[in-house]
Amino acid sequence: MSFRIRAARDEDLQPLYEMAKLTGGGFTNLPPEKDALRAKLLRSHTAFTRDADEELVDDLVVVILENAATGEVRGTCQIFTRVGQTWPFYSYRIGTVTKHSRELERTFRAEILSLVNDLEGCSEVGGLFLHPSERA
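Because the structure is predicted, anything quoted here is derived from the model rather than measured.

Considerations on the confidence of the model for the protein
Looking at the protein as a whole, its pLDDT mean stands at 92, while 100% of the residues score no less than 70. Predicted confidence in the protein is weakest over strand β6 (residues 124-130), with a mean pLDDT of 91, and strongest over strand β1 (residues 3-7), with 97.

Following this line, the structure appears as structure tokens:
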């Protein structure tokens, strides 16, 4: 079986919507809402038609994984360019805090999540989804 990766097209709205419904609704980059998915497709079309000489901005690129033999949409991925340029971009960093007590003669370690905002201008891959029937 062969697959190809290509830019998303308007006619991919329904297959994207069907895949979004399979996520269970908690997948924020692939919401089961046609208007939101349509807006993502429009942003992606804009990104693909941007002149190469224009300054890079916070674009969204939606790509599709397509079965080459059948033309069926089997997966999707989104690339967010230069995050944090239009809206703040927050993420979490997992860290370890280590403390030692002489009185107790013990060392304590705890993993903590820290909210950070240090990836401004980076690109992010998100909305990565593979149809359940293609997973192995």
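Quick look at unusual backbone geometry
One non-glycine residue with positive phi stands out, namely Arg 82, at about 50°. Tracing the backbone through its elements, the reader meets Arg 82 in the loop between β3 (73-80) and β4 (91-101). Of note in the backbone geometry, Glu 105 takes a positive phi value of approximately 55° without being a glycine. By the secondary structure assignment, Glu 105 is in the loop between β4 and β5 (106-116). The exposed category is assigned to Glu 105, whose relative accessible area is 68%.

What to know about the side chain of Asp 59
In this structure, Asp 59 sits in the loop between α2 (34-49) and β2 (60-67). For Asp 59, a relative accessible area of 10% corresponds to the buried category. Within the structure, Asp 59 has its side chain in polar contact with the side chain of Arg 50 (distance 2.7 Å). Excluding residues that lie within four positions of it along the chain, Asp 59 makes contacts with Arg 43, Ala 47, Arg 50, Ile 79, Phe 80 and Thr 81.

Side note on the nonpolar core
By size, the foremost hydrophobic cluster in this structure holds 17 residues, and its most contacted members are Ala 8, Leu 16, Met 19, Leu 30, Leu 37, Leu 41 and Ile 64. At the level of secondary structure, the elements contributing two or more residues to this core comprise α1 (13-22), α2, β2 and β3. When residues in this core are grouped by element, the largest group, five residues, is from α1. Apart from the residues lying within four places of it in its own chain, the contact partners of Leu 41 are Ala 8, Arg 9, Asp 10, Leu 13 and Leu 16.

Some details on the state of the cysteines
In this structure the tally under the stated criterion is zero disulfides. Here Cys 77 is not disulfide-linked; the sulfur of Cys 122 is the nearest cysteine sulfur, at 16 Å. For Cys 122, a relative accessible area of 34% translates into the label partly exposed.

Observations concerning the pattern of salt bridges
Tallied over the full model, the rule gives twelve salt bridges. Among the ionic pairs, Glu 134 bridges to Arg 74, the shortest N-O distance being 2.9 Å. Of the two residues, Glu 134 is situated in the segment after β6 and Arg 74 in strand β3; the sequence distance between them amounts to 60 residues. The closest approach of N and O atoms between Arg 93 and Asp 118, which form a salt bridge, is 2.5 Å. Of this pair, Arg 93 sits in strand β4 while Asp 118 sits in the loop between β5 and β6, and the two are 25 residues apart along the sequence. Accessibility expressed as a relative area gives 43% for Arg 93, which makes it partly exposed. Counted as one network, the salt bridges with shared partners bring together Arg 4, Arg 6, Arg 9, Glu 11, Asp 12 and Glu 66.

Topic: the packing of aromatic side chains
What the rule picks out here adds up to one aromatic pair. Taking the centre distance of 6.4 Å and the plane angle of 50° together, the rings of Phe 27 and Phe 129 count as tilted. Taken together, the residues span a long stretch of sequence, with Phe 27 in the loop between α1 and α2 and Phe 129 in strand β6 at a distance of 102 residues. Residue Phe 129 is classed as buried on the basis of its relative accessible area of 8%. For Lys 34, the ring lying beneath its charged end belongs to Tyr 17, and the centroid distance is 5.1 Å. Positioned above the aromatic ring of Phe 129 is the side chain of Arg 135, whose terminal nitrogen or guanidinium carbon lies 5.1 Å from the ring centre.

The rules behind these values
Residues numbered from 1 in each chain as written. Predicted model: local features only at pLDDT ≥ 70, side-chain atom pairs only at ≥ 80, totals over all residues. Heavy atoms only, no water. pLDDT = per-residue confidence, 0-100. Helix = DSSP H or I, 4+ residues; strand = E, 2+ residues; numbered from the N terminus. Buried < 20%, exposed > 50% of the residue type's maximum accessible area, 1.4 Å probe, protein only. Polar contact = N/O pair within 3.5 Å; in protein donor to acceptor, adjacent residues only side chain to side chain. Contact = heavy atoms within 4.5 Å. Core = buried A, V, L, I, M, F, W, Y, C linked by side-chain atoms within 4.5 Å. Disulfide = S-S within 2.5 Å. Salt bridge = Lys/Arg side-chain N within 4 Å of Asp/Glu carboxyl O. Phe/Tyr/Trp six-rings, centres within 6.5 Å; stacked < 30°, edge-to-face > 60°. Lys NZ or Arg CZ within 6 Å of the ring centre and 35° of its normal.

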